[in-house]
Amino acid sequence: MGITRVLRIANSVFRRKLIQLCSKGQVSFSSNVLVDNGVVIRCTDGGKVHIGSGVFLGRNVMIVSRGAAIHIGDRTHVSHGTTVVAKSSISIGDDGLIGEYVTIRDQDHAISKGRISHQEFAIKPVVIESNVWLGAKVTVLRGSKIESGVVVGANSLVKGRLASGAVYAGIPAKRVKVLSPD
Ligand SMILES: CC(C)(COP(=O)(O)OP(=O)(O)OC[C@H]1O[C@@H](n2cnc3c(N)ncnc32)[C@H](O)[C@@H]1OP(=O)(O)O)[C@@H](O)C(=O)NCCC(=O)NCCS
């Protein structure tokens, strides 16, 4: 990626374009965060977002915290087109690799009878521990926990807990390989 397309979080004009609807103190950046074009970080209802040091946010990444806490750990790489939306809590650990067009949400529309768009949300926090690789177009659903050292194959759907030290793939994602220790 050309260095000219990557903007270092340095000047306040750029910060204002990137961060929408967030008051002072709701978004915190550690050092050396790299942000590509079109990235949006939006907070509503007092939501907070923390971006760790050395994080890369690729083109058109969208991070939305609706009264929630979103944490992205140090050195995690978030590839272009990824969407992270929280109403409670989404935590992504250090040294993560998030592929292109990944979706991570901690909420669903409740789906009892009636107009779905008028219903409350079903919400459960998502935890993605450190050193996790999510392949392109992975979707992570509410309540999921992905333990450290897990690899998730491209196009997979994560629901529930993925135990550490293995490769998972499919819809829903199942264990396809156990990783041998170093
Ligand atoms: C998950 C992945 C890393 C596994 O690679 P691998 O260790 O070489 O695994 P294998 O090819 O030996 O596959 C093991 C099994 O899982 C299956 N599998 C692998 N990836 C799969 C996927 N994404 N969806 C469904 N099944 C998958 C294979 O078909 C194979 O099944 P089998 O044992 O029944 O034949 C790779 O398949 C993958 O999806 N990479 C993501 C690439 C990507 O998105 N990159 C961009 C973002 S950084």
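Under the annotation held in an unreviewed UniProt entry, the chain carries the name Acyltransferase and is attributed to Marinihelvus fidelis.

Caption draft 1: How the structure looks around the nonpolar core. Within the largest apolar cluster, 37 residues are counted, with the highest numbers of intra-cluster contacts made by Val49, Ile63, Ile70, Ile90, Val150, Val152 and Val158. Of all the elements in the fold, those that place two or more residues in this core are strand 5 (40-44), strand 6 (48-51), strand 8 (62-66), strand 9 (69-72), strand 11 (83-86), strand 12 (89-92), strand 17 (126-128) and strand 21 (151-152). Excluding residues within four positions of it along the chain, Ile90 makes contact with Ile70, Val84, Ile104, Asp106 and Val126.

Caption draft 2: Region of interest: the sheet that holds strand 9. Read from one edge to the other, the open sheet built from seven strands follows the order 3-6-9-12-17-20-23, with strand pairing classed as parallel. Single-partner strands in this sheet number two, and they are strand 3 (27-29) and strand 23 (161-162). Both strand 3 and strand 6 contribute to a ladder of three bridges, which runs parallel. Within strand 6, the position partnered with Ser28 by the bridge is His50.

Caption draft 3: Main features of the site of the ligand. Among the 15 residues in the neighbourhood of the ligand, the closest are listed as Gly99, Gly135, Gly153, Ala169 and Val176. Within the shell around the ligand, the residues separate by chemical class into seven nonpolar, six polar and two charged.

Caption draft 4: Focus on the environment of Glu147. Inspection of the secondary structure assignment puts Glu147 in the loop between strand 20 (145-146) and strand 21. The class for Glu147 is partly exposed, based on 18 C-beta atoms found within 10 Å. Along the chain, Glu147 and Ile128 lie 19 residues apart, while their C-alpha atoms are 6.3 Å from each other. Among all residues touching Glu147, those that are not within four sequence positions of it are Glu129, Leu162, Ala163 and Ser164.

Cut-offs and rules
- Residues numbered from 1 in each chain as written.
- Predicted model: local features only at pLDDT ≥ 70, side-chain atom pairs only at ≥ 80, totals over all residues.
- Core = buried A, V, L, I, M, F, W, Y, C linked by C-beta atoms within 7 Å.
- Buried ≥ 20, exposed ≤ 12 C-beta atoms within 10 Å, placed from the backbone.
- Helix = DSSP H or I, 4+ residues; strand = E, 2+ residues; numbered from the N terminus.
- Contact = placed C-beta atoms within 7 Å.
- Pairing = 2+ DSSP bridges.
- Near = placed C-beta within 6 Å.
- Nonpolar A, V, L, I, M, F, W, Y, C, P; charged D, E, K, R; others polar.

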